[in-house]
Amino acid sequence: MTTATNLSELTGDYVIDVSHSRIGFVARHAMVTKVRGAFNEFDGKIKIDGDKPENTTAEVSLKVASIDTRNAQRDGHLTTNDFLDVETYPEIKFVSTSAKQVDADNFEITGDLTIKDVTKSITIPFAFEGVAVDPFGNTRVGFEGSHTINRKDYGVTWNAALETGGVLVSEKVVLEFEISAIKQA
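Summarised in this report is the structure supplied together with it. All figures in this text were calculated on a predicted structure; none of them were measured in a lab. (Residues numbered from 1 in each chain as written. Predicted model: local features only at pLDDT ≥ 70, side-chain atom pairs only at ≥ 80, totals over all residues. Heavy atoms only, no water.)

Scanning the model with the defined rule gives eight salt bridges in all. Residue Glu176 pairs with Arg22 through a salt bridge whose shortest N-O separation is 2.8 Å. Of the two residues, Glu176 sits in strand S11 (residues 169-183) while Arg22 sits in strand S2 (residues 22-29), which places them 154 residues apart along the sequence. (Salt bridge = Lys/Arg side-chain N within 4 Å of Asp/Glu carboxyl O. Helix = DSSP H or I, 4+ residues; strand = E, 2+ residues; numbered from the N terminus.)

So, in structure tokens, the structure goes:
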């Protein structure tokens with residue numbers, strides 16, 4: 001196990017291991033509970049500069065059609081024009097613009113998040129979870145982070161009023177990132 005204080009050993013190009021990573025979201029439903037979902041198809045790459053963490057970069061692309069909330073009817077609605085409009089906007093993208101090491105194990109990645117052709121800058125705090133060599137000889141790094149966005153800022157505005165007051169779907173959505181990335185040779 002390498003700690004983040006020994007970052008120079010991590011320098012290199014990485015590909016996100018989709019089968020061991022999760023990119024998901026949480027939104028309040030009917031103002032009484034939370035609905036969790038994930039994108040089952042995505043890809044991404046990370047370039048870590050351990051000697052100059054501020055030069056670290058990341059890119060991620062999510063396939064909107066792969067949205068999964070464990071309810072087919074809801075997933076279908078989320079891919080319509082009411083929400084993410086998969087026919088017109090098949091991908092959600094994040095491209096970093098800067099990186100900052102906050103302390104030994106915490107980082108902030110700032111970048112452009114594009115949903116439905118609307119691009120906004122966000123900063124995602126990430127915790128370094130460690131590095132290991134797997135049984136196949138791959139060097140893996142792990143990072144976890146989350147960030148709250150307002151979906152209306154990205155043109156995702158559909159909602160329904162509730163008889164008891166409030167609305168069916170919250171404006172705030174928490175994006176969740178559990179990343180395992182494999183170092184490339």
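So, about a nonpolar patch on the surface. Side chains of Met31, Val32 and Val167 sit close together on the surface and give an oily, nonpolar patch of about 250 Å² of accessible area. As for its position among the elements, Val32 is in the loop between S2 and strand S3 (33-39). (Patch = residues over 30% accessible without salt bridge, like charges linked within 9 Å, V, L, I, M, F, W, Y side chains within 5 Å. Areas by Shrake-Rupley, 256 points an atom, 1.4 Å probe, with all protein chains shown as cover.)

Attention shifts here to unusual backbone geometry. Here the phi dihedral of Asp85 falls at roughly 50°; this positive angle occurs in a residue that is not glycine. Take Asp85: its relative accessible area is 11%, and that puts it in the buried class. For Lys116, which is not glycine, the phi dihedral falls at a positive 55°. The class of Lys116 is buried, set by a relative accessible area of 12%. (Buried < 20%, exposed > 50% of the residue type's maximum accessible area, 1.4 Å probe, protein only.)

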